[in-house]
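Residue strings, one per chain:
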Amino acid sequence: MRYIGNKTKLLRFIGGVLRRRGIRDGVAVDPFSGTASVARELKRLGFRVVAADLMEYAHVLAKAYVEATSVSADLHDRIRHLNSLPPQPGFLTENFSAPARMYF
């Protein structure tokens, strides 16, 4: 999910700053995690990440992208099944796809 204010385009810059300063691991805190893009990238880089946000969607995304450490075979099967279903446009398509994009 993308929305105004996301930091996805800053990830390369953030990683570059960390490399130039020799910061390779440790604990990183993302207090306004939103879509968890920064927290997710820091986790990928080997940091232990603490992510927080007041929004419920942010909490769910952080749990999925940052807290979770593995995906079960059952979940893989469910995802495979959902991916095999034909597209069925609905609320998300109508409200979060171009040209009708709505932002928070």
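The structure under discussion appears in the preceding block.
Here's what I pulled together on the structure shown here. All values reported here derive from a predicted model rather than from experimental measurement.

## A short note on a nonpolar patch on the surface
A grouping of Val27, Val29 and Val50 is seen on the molecular surface, where their side chains present a nonpolar patch of about 260 Å² in accessible area. Relative to the helices and strands, Val50 resides in strand 2 (residues 48-51). Assessed through its relative accessible area of 38%, Val50 is described here as partly exposed.

## Topic: helix 2 (residues 37-44)
The set of residues buried in helix 2 consists of Ser37, Val38, Ala39, Glu41 and Leu42. Tucked into the core, helix 2 has its buried residues touching helix 1 (11-20), strand 1 (27-30), strand 2 and helix 3 (56-67). Backbone geometry just downstream of helix 2 places Gly46 in the positive-phi region, at approximately 105°.

## Side note on the pattern of salt bridges
Applying the stated criterion across every chain, the model contains four salt bridges. Note that Asp77 is salt-bridged to Arg80, the shortest N-O span being 2.8 Å. Taken together, the positions of Asp77 and Arg80, both in helix 4 (residues 73-84) and three residues apart, correspond to about one turn of that helix. Here Asp77 falls in the partly exposed class, since its relative accessible area comes to 45%.

## Here we look at the environment of Leu11
Structurally, the position occupied by Leu11 is in helix 1. Judged by its relative accessible area of 18%, Leu11 is buried. Spatially, the C-alpha atom of Leu11 lies 16 Å from that of Ala62, the residues being 51 residues apart in sequence.

## Details of the environment of Gly46
Inspection of the secondary structure puts Gly46 in the loop between helix 2 and strand 2. Assessed through its relative accessible area of 46%, Gly46 is described here as partly exposed. Expressed as a C-alpha distance, the spacing of Gly46 and Ala28, which sit 18 residues apart in the sequence, is 9.9 Å.

Cut-offs and rules
For every chain, the first residue of its written sequence is number 1, and the numbers climb from 1 along that sequence. The predicted nature of this model means local features are confined to residues of pLDDT at least 70 and side-chain atom pairs, given and counted, to a pLDDT of 80 or more, with totals for whole chains, interfaces and linings taken over all residues. Side-chain metrics rest on all non-hydrogen atoms present in the structure, leaving aside hydrogens and water. Like charges within 9 Å and nonpolar side chains (Val, Leu, Ile, Met, Phe, Trp, Tyr) within 5 Å are joined into patches, using only residues over 30% in relative accessible area that form no salt bridge. Note on areas: Shrake-Rupley with a 1.4 Å probe; residue coverage comes only from the protein chains shown. One speaks of a salt bridge when a side-chain nitrogen belonging to Lys or Arg is within 4 Å of a carboxyl oxygen belonging to Asp or Glu. Going along the chain from the N terminus, every DSSP run of H or I of four or more residues is numbered as a helix, and every run of E of two or more is numbered as a strand. Relative accessible area decides the class of each residue, using a 1.4 Å probe on protein chains only: under 20% of the type maximum gives buried, over 50% gives exposed, and in between gives partly exposed. Residues count as neighbours in contact if any of their non-hydrogen atoms are within 4.5 Å of one another.

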